[in-house]
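Residue-level structural notes
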Amino acid sequence: MSGERNRGLRRGLILCAALLAGLLGYLCLPPYEQPETVLDESIASIGGPFELLGTDGDAFGSAELRGRPFAIFFGFTHCPDVCPTTLSRLASLRQEMGEGGDAFDIVFVTVDPARDTPGDMARYLSLFHTPIIGLTGSEAQIEAVKEEFGIYAEQVPLGNGAYTVDHTATVFLMDEEGNFFSALDVHDRNEDAIARLRRLIDG
Amino acid sequence: MRGRNMRIALGLAGLIGLAGCSQSAREPGDFAIEDAWARAAAEDAPVSAGYARIENRGGDDRLVSASTPVAAEAQIHSVTMEDGVMRMRETEGGLSLPGGETVELRPGGYHIMLMQPNRALAEGEHIPITLTFERAAPVTVDFIIRPIGADR
Ligand SMILES: [Cu+2]
């Protein structure tokens, strides 16, 4: 009984010490690091082969992206805020880069295949004034590609039968072999984002 | 230039308001709504979103709903981004507009979600959106349509 309690106490102490060490370690870290150095193994394993549908309704496989780096983003056409601003940011980064800006593809994959038909994707993407590869597919195909890229997505009702989809909104930069290179997020400054895109292209 | 004139006009209006009223409690309905815009939408697009800066120079109020003839429904939404995950929710009980403060509806924060627009919304055109408040009388505001990916 008391031995058990001692064990519990010891375990508690060890846990406290570990937490304290973790906290100290965290506090001693430089306040801001280049995102690449923060990315861990699980993020580095992002990506993989996929079979989806292009905006023309034909099969589109990851093999068609080989040979060129790409920026890939998951969203849906019923997303009125973060999805269009992110896609348009990629478009304007591409434009700001000037020469070389067209050396990477922009890929938009829906997390809402039940509603986003190839035609919906085409109409939506036509408003961004830059070529964007739009991809949808069967529920199973989308599940598979989400899994490969570690995308969280969950439907949430909005009333009147409508729904939204909570989802990972990180942009993944993939090299010309389809391997993970880096990520972009909404908080990155433009010059940092451009520098990373340049490294991706020059890779 | 227009913006400056507008500010001067608003300032004058504010001064006149100050001089003219000495009641202790501020009346609802004294809003300055500026920079109202909404996203372009393709034909048959499922959604658009409207944004604006709402300065409440009156007493505490709430934006409780919105409507527009160009969409089947309008809802007041918040967007949050946490650990790289985007979440959009309908605001519960609308959006608080404290007296004397400015609340901004902007990308990545609050928006008026326009659901099922009944036509394409083209850059440069204006659409009316009626804002309904808890206390003040409804106001109809012209929202200019900006590119789909505009961030302000
Ligand atoms: Cu919304």
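Up top you'll find the structure we're talking about.
Residues numbered from 1 in each chain as written. Chains lettered and ligands numbered in written order. Predicted model: local features only at pLDDT ≥ 70, side-chain atom pairs only at ≥ 80, totals over all residues. Heavy atoms only, no water.

**Quick notes on helix H4 (residues 82-97) of chain A**
All names here are of chain A. Here is the rule we go by: By the criteria applied, helices consist of DSSP H or I runs no shorter than four residues and strands consist of E runs no shorter than two, each listed in order from the N terminus. Residue count minus one, scaled by 1.5 Å, sets the expected span of a helix. Only protein chains enter the accessibility calculation, which uses a 1.4 Å probe; a residue is then buried when its area is under 20% of its type maximum, exposed when over 50%, and partly exposed in between.
The end-to-end C-alpha separation of H4 is 22 Å, in line with the 22 Å expected for 16 residues at 1.5 Å each. Val-82, Cys-83, Pro-84, Thr-85, Thr-86, Leu-87, Ser-88, Leu-90, Ala-91, Leu-93, Arg-94 and Met-97 are the residues of H4 that are buried. At the exit of H4 stands Gly-98, carrying a positive phi of roughly 60°.

**Some remarks on the packing of aromatic side chains**
Note the threshold: Pairing of aromatic side chains here covers Phe, Tyr and the six-membered ring of Trp, requires ring centres within 6.5 Å, and sorts the geometry by plane angle: under 30 degrees stacked, over 60 edge-to-face, intermediate tilted. Think of it as a cone above the ring: NZ of Lys or CZ of Arg counts as a charge over the ring if it is within 6 Å of the ring centre and within 35 degrees of the ring normal.
Summed over the entire model, instances satisfying the criterion amount to eight aromatic pairs over all chains. Summarising the aromatic geometry, the rings of Phe-31 of chain B and Phe-133 of chain B are spaced 4.3 Å apart at their centres and angled 20° between planes, so their arrangement reads as stacked. Here Phe-31 of chain B, found in strand E1 (residues 31-39), pairs with Phe-133 of chain B, found in strand E9 (residues 126-133); they are 102 residues apart in sequence, far enough to count as distant. For the pair formed by Phe-31 of chain B and Phe-133 of chain B, the shared burial category is buried. Taken together, Phe-73, Phe-108, Tyr-124 and Phe-128 of chain A form an aromatic cluster joined through their ring pairs. For the cation-ring pair, Arg-94 of chain A lies above Phe-104 of chain A, with the distance from its terminal atom to the ring centre recorded as 5.3 Å. Sitting over the ring of Tyr-163 of chain A, Arg-115 of chain A keeps its end group 3.6 Å from the ring centre.

**Some points on the coordination of the copper ion**
Octahedral six-donor coordination of a metal ideally yields angles of 90 or 180 degrees, compared with 109.5 degrees for tetrahedral four-donor coordination. Residues and elements named next belong to chain B. Using the following cut-off: Each metal site lists N, O and S donors within 2.8 Å (3.2 Å for Na, K and Ca). With water left out of the atoms, a site can look as if it is missing ligands. A site with four donors is called tetrahedral when every donor-metal-donor angle falls between 85 and 135 degrees; four donors are called square planar, and six octahedral, when opposite donors sit more than 155 degrees apart and all other angles fall between 65 and 115; any other arrangement is irregular.
Around the copper ion, the protein contributes the donor atoms His-77 (ND1), Met-88 (SD), His-111 (NE2) and Met-113 (SD), at 2.0 to 2.4 Å from the metal centre. The site at the copper ion holds four donor atoms, and with the angles between them running 102 to 117°, its shape is tetrahedral. Counting residues between consecutive donors of the copper ion along the chain gives the motif H-x10-M-x22-H-x1-M. Of this pair, His-77 sits in strand E4 (residues 71-82) while Met-113 sits in strand E8 (residues 110-117); the two residues are 36 residues apart in sequence, bridging distant segments of the chain. The class for His-77 is buried, based on a relative accessible area of 0%.

**Observations concerning the state of the cysteines**
All names here are of chain A. Threshold: The disulfide criterion is simple: two cysteine sulfur atoms within 2.5 Å.
Applying the stated criterion to the full structure yields one disulfide over all chains. Linked covalently through their sulfurs, Cys-79 and Cys-83 form a disulfide whose S-S length is 2.3 Å. Sign of the S-S torsion, about 95° for the bond between Cys-79 and Cys-83, identifies this disulfide as right-handed. Its relative accessible area of 2% is what places Cys-79 among the buried residues. You can call Cys-83 buried: its relative accessible area is 0%.

**Some thoughts on the interface of chain A and chain B**
So the rule is basically this: We call two residues in contact when some of their heavy atoms are within 4.5 Å. Throughout, buried area stands for the accessible area (probe radius 1.4 Å) lost by two parts on being put together, summed over both. When a carboxyl oxygen of Asp or Glu lies within 4 Å of a side-chain nitrogen of Lys or Arg, that pair is called a salt bridge. As used in this structure description, the phrase polar contact means that two N or O atoms lie within 3.5 Å; if the pair is within protein, one of them must be able to donate a hydrogen and the other to accept it, and residues adjacent in sequence are counted only when both atoms belong to side chains.
In this assembly, 28 residues from chain A lie in contact with 34 residues from chain B. Roughly 2,200 Å² is buried in total at the junction of chain A and chain B, and carbon and sulfur atoms are behind 64% of that figure. Of all residues in chain A, the largest losses of buried area upon contact with chain B belong to Pro-80, Asp-81 and Leu-158 of chain A, amounting jointly to 28% of the total for that side. Our count for the contact surface shared by chain A and chain B stands at two salt bridges. Between Asp-166 of chain A and Arg-89 of chain B there is a salt bridge, with the nearest N and O atoms lying 2.7 Å from each other. The tally of links between chain A and chain B comes to nine residue pairs in polar contact (both at pLDDT 80 or more). When residues of the side of chain A that touches chain B are traced back to their parent elements, those giving at least two are H4, helix H5 (118-125), strand E6 (153-159) and strand E7 (162-168) of chain A.

**Brief notes about the pairing of E1 of chain B**
Residues and elements named next belong to chain B. Keep this limit in mind: Strands are treated as partners if at least two bridges between them are detected by DSSP.
Along E1, seven of the nine residues are buried, which leaves the element largely enclosed by surrounding structure. Sheet topology places E1 next to strand E10 (residues 139-146); three bridges connect them, and they run parallel. Bridge pairing in E10 places Trp-37 opposite Ile-144.

**A word on the environment of Arg-53 of chain B**
All names here are of chain B. Relative to the helices and strands, Arg-53 is located in strand E2 (residues 47-56). As for Arg-53 and Arg-146, which are separated by 93 residues in sequence, their C-alpha atoms are 15 Å apart. When near neighbours in sequence (up to four residues on either side) are disregarded, Arg-53 contacts Ala-32, Ile-33, Glu-34, Asp-35, Thr-102, Val-103 and Glu-104.

**Points about the sheet that holds strand E5 (residues 133-135) of chain A**
Across a sheet, strands are paired by hydrogen bonds formed along the backbone, either parallel or antiparallel in direction. All names here are of chain A. Test applied: Axes here mean lines fitted to C-alpha atoms, for a helix over just the part in contact, with angles spanning 0 to 180 degrees between N-to-C directions.
As summarised here, the arrangement of the five strands in space is E5-E4-E3-E8-E9, forming an open sheet in which the pairing is mixed. Each edge of the open sheet carries a strand with a single partner, namely E5 and strand E9 (180-184). Each strand of the sheet is rotated relative to its neighbour by a mean of 25°, with strand direction disregarded. Summarising the sheet, strand E3 (residues 70-75) and strand E8 (residues 171-174) pair through three bridges and their orientation is antiparallel. Across the sheet, Ile-72 pairs through a bridge with Phe-172, a residue of E8.

Shape is all these values report; function is a separate question.
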